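# Analysis of the macromolecular model
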Amino acid sequence: MDHLPVMYIEALQQLAIKKDGIYLDCTFGRGGHSQGILALLGPYGQLIAFDRDRDAINSELAQRFVKDNRFKLIHSCFSQLEVQLESLGLIGKIDGILMDLGVSSPQLDNPVRGFSFLREGPLDMRMDETTGLSAEQWLANVDEKDLVKVLFDYGEEKFARRIAKAIVDRRLDNPITTTKQLSSLIEDVVPVREKNKHPATRTFQALRIEINKELEELKQVLEQSTRVLSPDGRLVAISFHSLEDRIVKRFIRDESGAKYDPGKFPVKEVDITKGVLRKVGKALKAGELELKQNPRARSAVMRVAEKV
Ligand SMILES: C[S@@+](CC[C@H](N)C(=O)[O-])C[C@H]1O[C@@H](n2cnc3c(N)ncnc32)[C@H](O)[C@@H]1O
């Protein structure tokens, strides 16, 4: 394997893979988890993987995988899950869905993609470069109030107002086109530094989430997951920050257990809708050994649910 996927063993265990099952890897990346799933599938099993990033789809590893006739790789946002599966006739037939959210190491490490404040590159940040606005284009026109909100909501950045004002002032003279231009501007305006955290960390996270509509994507795929899973099919989601984890946690909570309309009295048996999911265990974190080998796993939280 070329790299170490986060919570690899736990992901495979929690998917409870059946040899002839049909599985989905919503976030193929460089195929670390996919490789593990394929290894556990028998000749009649199937794995369908999604990634919105062309580099992931065209990677050497992906091209090797697609020779396996049990495997199908789709260049698409995972919010298109239901549409894609509909065309394959697989609605309600999926035995397990894996989501390893966020950006991949190759995306972060490639300066041209513009995700990292440590590497000079164009301010792009799109996971799918074939569509949508780059961070540079978005920053060139965004309203100051909207920028504050994004920095505050998606970066939990307490200096959101100062940073937004500095960006808006700067762009009057010069457009902000590179990662280092943005990160050094932030360094200049942030008055207090958090321990062990670059002052641009929160702004870069916020912009990335906005540019890729990451939270909307997550909400949509979760909502579709209950319809595409088969009974007892498993949903396994790995989040890397509290905004994502909160969405996954609430979704599983809301879809588990009986639901009824609290405004409707008296509650009759016919009005009670049973939950479609069953929560499986507590949230999981990476083990000691993995944390030593892969510091990125420190923030990973895995949550698991099962279709009723
Ligand atoms: C953390 S990496 C996954 C790594 C992968 N599990 C592995 O073992 O190599 C996340 C991947 O998901 C992709 N991704 C993120 N959001 C997506 C979305 N909404 N739709 C499709 N792919 C997405 C990213 O492009 C990235 O390649």
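Bear in mind that the values here come from a model prediction, so they are computed numbers and not experimental data.

Before going further, it helps to examine the packing of aromatic side chains. By the definition in use, this model includes four aromatic pairs. Taking the centre distance of 5.7 Å and the plane angle of 80 degrees together, the rings of Phe-28 and Phe-65 count as edge-to-face. With Phe-28 in the loop between strand S1 (22-25) and helix H2 (32-40) and Phe-65 in helix H4 (residues 60-65), the pair connects residues that are 37 residues apart, well separated along the chain. Residue Phe-28 is classed as buried on the basis of its relative accessible area, which comes to 2%. A centroid spacing of 5.4 Å and a plane angle of 80 degrees characterise the contact between Phe-65 and Phe-71, whose relative ring orientation is edge-to-face. Given a relative accessible area of 7%, Phe-71 falls into the buried group. Members of the aromatic cluster, connected to one another through ring pairs, are Phe-28, Phe-65 and Phe-71. The ring of Phe-240 has Arg-296 sitting right over it, with the charged end atom 4.4 Å from the ring centre.

Let us now look at the pattern of salt bridges. Following the criterion strictly, the structure yields 22 salt bridges and no others. In this structure, Arg-193 and Glu-187 form a salt bridge, with 3.5 Å as the shortest nitrogen-oxygen distance. The salt bridge involving Glu-306 is made with Arg-234; its shortest N-O contact spans 3.0 Å. Separated by 72 residues along the polypeptide, Glu-306 in strand S8 (residues 301-307) and Arg-234 in strand S5 (residues 229-239) bring together distant segments of the chain. Take Glu-306: its relative accessible area is 15%, and that puts it in the buried class.

Around the ligand sit 25 residues in total, of which His-33, Asp-51, Phe-78, Asp-100 and Glu-217 are the nearest. Measuring from an oxygen atom of the ligand, one finds a backbone N or O atom of Phe-28 at 3.4 Å. Glu-217 places a polar side-chain atom, nitrogen or oxygen, 2.7 Å from a nitrogen atom of the ligand. Here the ligand loses 97% of its free accessible area of 600 Å² to cover by the protein chains.

The rules we used
- Residues numbered from 1 in each chain as written.
- Predicted model: local features only at pLDDT ≥ 70, side-chain atom pairs only at ≥ 80, totals over all residues.
- Heavy atoms only, no water.
- Phe/Tyr/Trp six-rings, centres within 6.5 Å; stacked < 30°, edge-to-face > 60°.
- Helix = DSSP H or I, 4+ residues; strand = E, 2+ residues; numbered from the N terminus.
- Buried < 20%, exposed > 50% of the residue type's maximum accessible area, 1.4 Å probe, protein only.
- Lys NZ or Arg CZ within 6 Å of the ring centre and 35° of its normal.
- Salt bridge = Lys/Arg side-chain N within 4 Å of Asp/Glu carboxyl O.
- Near = heavy atom within 4 Å.
- Polar contact = N/O pair within 3.5 Å; in protein donor to acceptor, adjacent residues only side chain to side chain.
- Areas by Shrake-Rupley, 256 points an atom, 1.4 Å probe, with all protein chains shown as cover.

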